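Spelled out from the first residue to the last, the chains are:
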Amino acid sequence: MTTDDLPETIHVTTGEQLRAVSNLTRHRIMAVLRFEPATITQIAEQVGLAKGSSSYHVRLLERAGLVKVVRTRKVRGVTERYYAMAARAIVLPDPGEGGPDVLMRHAVADLEAAPVDSERHVQMAHLRLTEEQFAELGARLEALADEYRELSDPSLTDASLVFALFHPAPREQAEGDAK
C-alpha cells in the first residue's frame, strides 16, 4: 500500500484511539508521518526519542488504527517497516462542554516548544458576527488551510496552522467556573 491509497479521513471514535492521540509524543510522531512514511529509526531521530520509546508509541498508534505499515524492505536480513498515517486527516470528536480540546493543548505545547527566534504569527481576535458570518468565516478558514495543505512540500521545514473559531462562554458562566 502506498500513501496515495490512504482514505481521506479517519474518525476517532474509540477510547483507545482517543488515548492514542491525546499523548503529545504520539501527536508529534503523527506530525512526522503526515507527509511521508518513515521507519522507527527515522521517527526516533526526528522526534528526539530513543528507538525503543519510538517503537512503543508507534505500536500504540498502529493498534489504534491511526498509523499503518505502508511498505517494507529487507536491510541486512532485517525487515524494515515504513509507517504512515492511516488517513490524510484525523477527525476528533467534539470534546463537549468544558472538555479539554486535545488538538488545542497539543498546538499550545508545540508553540511553546518552537524556537523563540523563529518567525511566528500568533493573534487572537474578538469578533461579533452574525451566525451567517460565523459560518462563512469558518468555511473560509478551512478552505484556506486546505489550499495551503495542497501546496505543502515535504522537503520544506514544517509550519503549523491552528485556528479555533468558537463562541466563548458567557462572562457570568466563565467567571463562575473560575471560582
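Quick note: structure is the one above.
So, here's what we can say about the structure. (Residues numbered from 1 in each chain as written. Predicted model: local features only at pLDDT ≥ 70, side-chain atom pairs only at ≥ 80, totals over all residues. Heavy atoms only, no water.)

Evaluated as defined, the whole model comprises five salt bridges. Put simply, Asp110 and Arg28 hold a salt bridge, and the shortest N to O gap is 2.8 Å. Here Arg28 lies in helix H2 (residues 24–33) and Asp110 lies in helix H5 (residues 102–113), a separation of 82 residues in the sequence. Accessibility expressed as a relative area gives 25% for Asp110, which makes it partly exposed. For Arg28, a relative accessible area of 29% translates into the label partly exposed. Arg140 is the salt-bridge partner of Glu136, the closest N and O atoms lying 3.8 Å from each other. Taken together, the positions of Glu136 and Arg140, both in helix H6 (residues 131–151) and four residues apart, correspond to about one turn of that helix. Glu136 gets classed as partly exposed once you look at its relative accessible area, which sits at 46%. Given the relative accessible area of 56%, Arg140 is considered exposed. (Salt bridge = Lys/Arg side-chain N within 4 Å of Asp/Glu carboxyl O. Helix = DSSP H or I, 4+ residues; strand = E, 2+ residues; numbered from the N terminus. Buried < 20%, exposed > 50% of the residue type's maximum accessible area, 1.4 Å probe, protein only.)

Time to look at the pairing of strand S2 (residues 67–75). Sheet faces and side chains relate simply in a regular strand, where the side chains alternate between the two faces. Pairing analysis gives eight bridges linking S2 to strand S3 (residues 78–85), with the strands arranged antiparallel. Residue pairing for S3: Lys74 is matched across the bridge by Thr79. Where S2 folds back onto S3 in an antiparallel hairpin, the turn is made up of two residues, including Arg76, whose phi is positive at roughly 50°. (Pairing = 2+ DSSP bridges.)

No statement about biological role is implied by the geometric values presented.
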